Amino acid sequence: MKAFEHASPTTKEQAVSLLGNQWGETEILAGGTDLLSLMKEYLSSPKRVVNIKEIKELQGIRYSPGAGLRLGALVTLEELMDHATVKKEYPALAQAAEGVRSQQIRNSGTVGGDLCQRPRCWYFRNGFGYFPKGESGDDLVVNGENQYHAILGNSGPAYFVNPSSLAPALIALKAKIRLFGAQGWREVEAEQFFVTPKSEGEREYVLKPNEILGEILVPPAKGIKSATYEVRQKEALDWPLAAAAVALKVNGTSIKEARLVLGHVAPVPWRCQEAETVLGGKSGEEGIAEAAQVALKEAKPLSKNGYKVQLARVALKRAILQAAQGGA
Ligand SMILES: Cc1cc2nc3c(=O)[nH]c(=O)nc-3n(C[C@H](O)[C@H](O)[C@H](O)COP(=O)(O)OP(=O)(O)OC[C@H]3O[C@@H](n4cnc5c(N)ncnc54)[C@H](O)[C@@H]3O)c2cc1C
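Residues numbered from 1 in each chain as written. Predicted model: local features only at pLDDT ≥ 70, side-chain atom pairs only at ≥ 80, totals over all residues. Heavy atoms only, no water.

### A short note on empty space enclosed by the protein
Gaps between atoms show up when a probe of the same size as a water molecule is rolled over them.
(1) Moving on: A complete count under the given rule lists one cavity of 30 Å³ or more for this structure.
(2) Moving on: Quantified by volume, the largest cavity comes out at close to 40 Å³.
(3) Moving on: Along the walls of the largest cavity sit Leu115, Gln117, Phe160, Asn162, Pro163, Phe194, Glu204 and Tyr205, which together make up its complete lining.
(4) Moving on: Among the residues forming the lining of the largest cavity, the class breakdown is five nonpolar, two polar and one charged. (1 Å grid on protein atoms, 1.4 Å probe; cavity = no way out; pocket = protein on both sides within 12 Å on 5 of 7 lines; lining within 4 Å. Points joined across faces, edges and corners; volume = space filled by probe spheres on them. Nonpolar A, V, L, I, M, F, W, Y, C, P; charged D, E, K, R; others polar.)

Have a look at this one:
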């Protein structure tokens, strides 16, 4: 790891004043479960690391039935998973946190860090960047080991999948992400937070290099039923192969309104708007199967990841059934 300066501010204003204007110049450190690996592998070599863990304002979970849920960026995945109100009102979120299968990662990893973690693409993690090319200029993902890459939103040049398990749940629940910079707060819909980079100098989100992800606001659940369902290769430590988070307004046995979001299948969490329309007004497994079919109809698997299409359909169907049955 390259030597770096370590700063430990106690306010968000101090933290922002310590951040550089270019990505890579400085890095924010929260739980460190991703950043430290990136630094050890020389994938990130900042001159200064700004540790935000001492900023009390970024901690804590608050809830009121009128205002909804407020998650400080430093809330750990374990706190989120164990929170009684989150489990009752926003099961999709608690289930997504629980899906991170390592107790140690859940104890240290934070909500802000989960949303800002870098892609797990093995080319990216081996120093080839977002758009790995071979010596002859050929695309290493398209022509190579692409079994864990994107099946949607993969017209290029990026083929990695967004690694955050919390992101689909937050998007399904209509969360807003609040970012703090030198000009104060700005707010973005969770759905607008993630972007597909088009050049190596960009990041996978709209956060600027001199901003902090400060907090997340989730509107009151008001009877909305939600669930997350993940498909994994194994129960042990790993990211899902495909996942779905859903939020449903249910009227008796029929689904009045739905928000359906797939995870780990595209460079950004993937909202399935056409499938949401198909599901509206439906009840029973036939409608759910039809929605899952529609959600994946634009999928364009690469040479080795065709299997993910069916996994994503299954994740979506099971998340809808789980939510309709109460979300627990
Ligand atoms: C074995 C293993 C299995 C895992 N499985 C899963 C999984 O199934 N699903 C899943 O979603 N994740 C998984 N993870 C990833 C894990 O959830 C993240 O590493 C963790 O949440 C990151 O949080 P952190 O606080 O440690 O972030 P850090 O490592 O401190 O930071 C990560 C990145 O986010 C930036 N950052 C952190 N906080 C902020 C902030 N408030 N504002 C702006 N930028 C910020 C940092 O600069 C850095 O670039 C796994 C990790 C491991 C090691």
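### Quick word on a nonpolar patch on the surface
(1) Moving on: Taken together, Met1, Phe4 and Leu36 make up a surface patch of nonpolar side chains, about 240 Å² in accessible area.
(2) Moving on: Relative to the assigned elements, methionine 1 resides in the segment before strand 1 (5–7). (Patch = residues over 30% accessible without salt bridge, like charges linked within 9 Å, V, L, I, M, F, W, Y side chains within 5 Å. Areas by Shrake-Rupley, 256 points an atom, 1.4 Å probe, with all protein chains shown as cover. Salt bridge = Lys/Arg side-chain N within 4 Å of Asp/Glu carboxyl O. Helix = DSSP H or I, 4+ residues; strand = E, 2+ residues; numbered from the N terminus.)

### Brief notes about the site of the ligand
(1) Moving on: Every one of the 32 residues lining the ligand counts as a neighbour, but Ile28, Thr33, Asp34, Thr110 and Asp114 are closest to it.
(2) Moving on: Alanine 30 has a polar backbone atom sitting 2.8 Å from an oxygen atom of the ligand.
(3) Moving on: With the chains in place, 94% of the 980 Å² that the ligand exposes on its own is no longer accessible.
(4) Moving on: One can see that the ligand is located within the largest pocket.
(5) Moving on: Among the elements that take part in the shell around the ligand, helix 7 (residues 111–116) stands out by supplying four residues, more than any other.
(6) Moving on: Looking at the shell around the ligand residue by residue, the class counts come to 17 nonpolar, 10 polar and five charged. (Near = heavy atom within 4 Å. Polar contact = N/O pair within 3.5 Å; in protein donor to acceptor, adjacent residues only side chain to side chain. Sits in = over half its atoms within 2 Å of the grid points.)

### Considering the layout of surface pockets
(1) Moving on: What the largest pocket holds in volume is close to 820 Å³.
(2) Moving on: Considering the residues around the largest pocket, the lining is formed by 48 residues, among which Thr33, Asp34, Gly113, Asp114 and Gln117 are closest to the centre.
(3) Moving on: Elements with a contribution of two residues or more to the lining of the largest pocket: strand 2 (26–29), helix 2 (35–40), helix 6 (103–108), helix 7 and strand 8 (212–218).
(4) Moving on: Across the lining of the largest pocket, the residue classes tally to 23 nonpolar, 15 polar and 10 charged.

### With respect to the environment of glycine 184
(1) Moving on: Inspection of the secondary structure assignment puts glycine 184 in strand 7 (residues 184–189).
(2) Moving on: With a relative accessible area of 23%, glycine 184 lands in the partly exposed category.
(3) Moving on: In the structure, glycine 184 is positioned 171 residues away from glutamate 13 in sequence and 8.7 Å away in space, judged by C-alpha atoms. (Buried < 20%, exposed > 50% of the residue type's maximum accessible area, 1.4 Å probe, protein only.)

### Some remarks on the pattern of salt bridges
(1) Moving on: By the definition in use, this model includes 23 salt bridges.
(2) Moving on: In this structure, the salt-bridge partner of glutamate 211 is arginine 186, at a minimum N-O distance of 2.7 Å. Remark: arginine 186 occurs in strand 7 and glutamate 211 occurs in the loop between helix 10 (190–193) and strand 8; sequence separation between them is 25 residues.
(3) Moving on: In this structure, the salt-bridge partner of arginine 232 is glutamate 230, at a minimum N-O distance of 2.7 Å. Assigned by exposure class, arginine 232 and glutamate 230 land together as buried.
(4) Moving on: One salt-bridge network, held together by shared partners, links Arg70, Arg178, Glu187 and Glu215.

### Points about the side chain of histidine 264
(1) Moving on: One can find histidine 264 in the loop between strand 11 (254–263) and strand 12 (270–271).
(2) Moving on: The buried category is assigned to histidine 264, whose relative accessible area is 3%.
(3) Moving on: Polar side-chain contacts of histidine 264 include one of 3.5 Å to the side chain of serine 165.
(4) Moving on: Beyond its immediate sequence surroundings of up to four residues, histidine 264 is in contact with Val161, Asn162, Pro163, Ser164, Ser165, Trp239, Pro240, Leu241, Ala242, Ala243 and Lys308. (Contact = heavy atoms within 4.5 Å.)

Treat this as a map of the structure, not an account of what it does.
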